[in-house]
Amino acid sequence: EAAVTQSPRNKVTVTGGNVTLSCRQTNSHNYMYWYRQDTGHGLRLIHYSYGAGNLQIGDVPDGYKATRTTQEDFFLLLELASPSQTSLYFCASRDWGTYEQYFGPGTRLTVL
Amino acid sequence: GDSVTQTEGLVTLTKGLPVMLNCTYQTTYSPFLFWYVQHLNEAPKLLLKSSTDNKRTEHQGFYATLHKSSSSFHLQKSSVQLSDSALYFCALSATSSGQKLVFGQGTILKVYL
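Residues numbered from 1 in each chain as written. Chains lettered and ligands numbered in written order. Predicted model: local features only at pLDDT ≥ 70, side-chain atom pairs only at ≥ 80, totals over all residues. Heavy atoms only, no water.

### Focus on the packing of aromatic side chains
All names here are of chain A. For the structure on display, the rule yields 17 aromatic pairs over all chains. Ring geometry for Tyr-31 against Tyr-50: centres 6.4 Å apart, planes inclined by 65 degrees, an arrangement best described as edge-to-face. Here the residue Tyr-31 occupies a position in strand β4 (residues 31-38), and Tyr-50 occupies one in the loop between β5 (42-49) and β6 (56-57), the gap between them amounting to 19 residues. Residue classification places Tyr-31 among the buried residues on the basis of a relative accessible area of 3%. (Phe/Tyr/Trp six-rings, centres within 6.5 Å; stacked < 30°, edge-to-face > 60°. Helix = DSSP H or I, 4+ residues; strand = E, 2+ residues; numbered from the N terminus. Buried < 20%, exposed > 50% of the residue type's maximum accessible area, 1.4 Å probe, protein only.)

Written out as structure tokens, the structure reads:
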């Protein structure tokens, strides 16, 4: 099974703060994804990437930037965090030619 | 665009009873359907997948059959256990959704003694 790790696992910041969430996958998957999960909304796609240097816009991108620095690493950036971004964030990866995604353990972000 | 509908937000059952969680989808292309399960404070994990019409797929006592005629992929189990209590997501991948999974809203299953 694919190994996807996320850090930090928990983060508290204040409104207007800068936050970077990290994701690493060690199975050389091509695709990586960032989701947020909120009660009543399920999983919503923020950004995704199909390789180093590539970025695709997801369904709820406002207020988020992302960068894929290597095949393994995908970062989510909140440059001016707002309380509405308090959520549980999941990273996922999948390989070319398959459709199933493998999820990391999640990062719980609280913006005060 | 593509969509997935899970009609039940919460299903509560007594241990040992059968369960069916509904999933219907909309797409104009040939679909790949998934069920993911998420236990409390854990990541979603793949439970079942299928792209074959009218073929039952099974894993860990759960089963589902993709019916393209009715655009459905309902999840079933004949006898639920306490450990089945979790959040279940149905998801769709199709050419029209690009490289994304389209998720339903999720169904919480709670199993009691």
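### Notes on the interface of chain A and chain B
Contacts between the two partners involve 19 residues from chain A, matched on the other side by 17 residues from chain B. Summed over both sides, the interface of chain A with chain B buries roughly 1,600 Å², with 56% coming from carbon and sulfur. Linking chain A with chain B are two salt bridges. Between Lys-49 of chain B and Glu-100 of chain A there is a salt bridge whose closest N-O contact spans 2.6 Å. Viewed at the interface, chain B and chain A are joined by seven residue pairs in polar contact (both at pLDDT 80 or more). Secondary structure elements with two or more residues in the side of chain A that touches chain B: β4, β5 and β9 (87-94) of chain A. Among the residues forming the side of chain A that touches chain B, the class breakdown is ten nonpolar, six polar and three charged. (Contact = heavy atoms within 4.5 Å. Buried area = accessible area lost by both parts, 1.4 Å probe. Salt bridge = Lys/Arg side-chain N within 4 Å of Asp/Glu carboxyl O. Polar contact = N/O pair within 3.5 Å; in protein donor to acceptor, adjacent residues only side chain to side chain. Nonpolar A, V, L, I, M, F, W, Y, C, P; charged D, E, K, R; others polar.)

### What to know about unusual backbone geometry
Of the consecutive residues Ser-7 of chain A and Pro-8 of chain A, the connecting peptide bond is found in the cis state with omega at -10 degrees. Counting through the fold element by element, Pro-8 of chain A comes out in the loop between β1 (4-7) and β2 (10-13). You will see that Asn-41 of chain B, though not glycine, has its phi angle at about 65 degrees, which is positive. Along the chain, Asn-41 of chain B turns up in the loop between β5 (32-38) and β6 (45-50). By relative accessible area, which is 66% here, Asn-41 of chain B ends up exposed. At Asn-54 of chain B, a residue that is not glycine, the phi angle is positive and equals roughly 60 degrees. Within the secondary structure, Asn-54 of chain B is located in the loop between β6 and β7 (56-59).

### Remarks on the nonpolar core
Counting 26 residues, the largest nonpolar core has Leu-33, Trp-35, Leu-47, Leu-75 and Tyr-88 of chain B as its most contacted members. Counting only elements with at least two residues in this core, the list comes to β2 (10-14), β3 (19-21), β5, β6, β8 (62-65), β10 (86-93) and β12 (107-112) of chain B. The element that contributes the greatest number of residues to this core is β10 of chain B, accounting for four residues. In this view, Tyr-88 of chain B contacts Gln-6, Leu-21, Trp-35, Tyr-36, Val-37, Leu-47, Phe-62, Leu-75, Gly-106, Thr-107 and Leu-109 of chain B; residues no more than four positions away in its chain are not counted. Among the nonpolar cores identified, the runner-up in size contains 19 residues, and Tyr-31 and Leu-88 of chain A together with Phe-32 and Tyr-36 of chain B belong to it. (Core = buried A, V, L, I, M, F, W, Y, C linked by side-chain atoms within 4.5 Å.)

### Topic: the environment of Thr-107 of chain B
Residue and element names in this part refer to chain B. Within the secondary structure, Thr-107 is located in strand β12. The exposure class of Thr-107 is buried, given its relative accessible area of 0%. Sequence-distant contacts of Thr-107, that is, excluding residues within four places in its chain, are made with Gln-6, Glu-8, Gly-9, Val-11, Leu-21, Ala-86, Leu-87 and Tyr-88. Side-chain polar atoms of Thr-107 contact the side chain of Gln-6, separated by 3.3 Å.

### Comments concerning the sheet that holds β8 of chain B
Residue and element names in this part refer to chain B. Sheet architecture is open: four strands sit in the order β3-β9-β8-β7, paired in antiparallel fashion. The outermost strands of the open sheet, each flanked by one partner alone, are β3 and β7. Going across the sheet, the axis of each strand differs from the next one's by a mean of 20 degrees, ignoring polarity. (Pairing = 2+ DSSP bridges. Axes fitted to C-alpha atoms, helices over the stretch in contact; angles between N-to-C directions.)

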